[in-house]
Amino acid sequence: VVDPPEGIRLSLSLDETLPLVPADRTQVFQVVENLVRNAIQALPGGGEIRLTSEADLDVARVRVEDSGPGVPPELQE
């Protein structure tokens with residue numbers, strides 16, 4: 001994944017019990033990389049990007065969150 005620039009912390013909290021998921025590893029990597037790049041752009045003054053994964057029954061989830069201000073209400077639609 002992308003190395004964040006100075007002033008941006010990257011934290012990982014990965015569930016080691018995730019089930020195997022039939023997916024294209026390259027495509028999943030590309031999606032996560034794009035989300036991290038977007039998060040970096042949302043943090044021009046610095047902040048934190050959190051990557052988490054979790055298992056819930058037979059579902060695996062990967063989440064990318066940042067501490068940026070979010071999408072302005074007028075652009076959310």
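Rules used in this analysis
Residues numbered from 1 in each chain as written. Predicted model: local features only at pLDDT ≥ 70, side-chain atom pairs only at ≥ 80, totals over all residues. Heavy atoms only, no water. Helix = DSSP H or I, 4+ residues; strand = E, 2+ residues; numbered from the N terminus. Buried < 20%, exposed > 50% of the residue type's maximum accessible area, 1.4 Å probe, protein only. Contact = heavy atoms within 4.5 Å. Areas by Shrake-Rupley, 256 points an atom, 1.4 Å probe, with all protein chains shown as cover. Lys, Arg positive; Asp, Glu negative; His and termini not counted. Charge placed at Lys NZ, Arg CZ, Asp CG, Glu CD. Pairing = 2+ DSSP bridges. Axes fitted to C-alpha atoms, helices over the stretch in contact; angles between N-to-C directions. Right-handed = clockwise from strand over helix to strand, strands pointing away.

What follows deals with the overall build of the protein. In terms of helices and strands, the protein carries two helices and three strands. Shown N-terminal to C-terminal, the secondary structure of the protein runs as helices and strands in the order β-α-β-β-α. Summarising its shape, the C-alpha atoms of the protein cover approximately 35 × 30 × 20 Å along the three principal directions. Taken over 77 residues, the protein has a buried fraction of 16%. Across the protein, contacts joining residues at least 24 apart in sequence account for 64% of those joining residues at least 6 apart. Of the roughly 6100 Å² of accessible surface on the protein, a fraction of 52% belongs to carbon and sulfur atoms. A distance of 2 Å separates the average location of the 6 positive side-chain charges in the protein from that of its 14 negative side-chain charges.

Attention now moves to the sheet that holds strand β2 (residues 47-56). Overall, mixed pairing links the three strands, which are arranged β1-β2-β3 in an open sheet. The two strands at the open ends of the sheet, each matched to only one other strand, are β1 (8-13) and β3 (59-66). Pairs of neighbouring strands in the sheet enclose a mean axial angle of 10°, with direction left out of account. When β2 meets β3, the two strands line up antiparallel, connected through eight bridges.

Another point: the pairing of β1. In terms of strand pairing, β1 meets β2 through six bridges, oriented parallel. The residue of β2 that forms the bridge with Leu 10 is Ile 49. The handedness of the β1 to β2 crossover, carried by helix α1 (residues 25-41), is left-handed.

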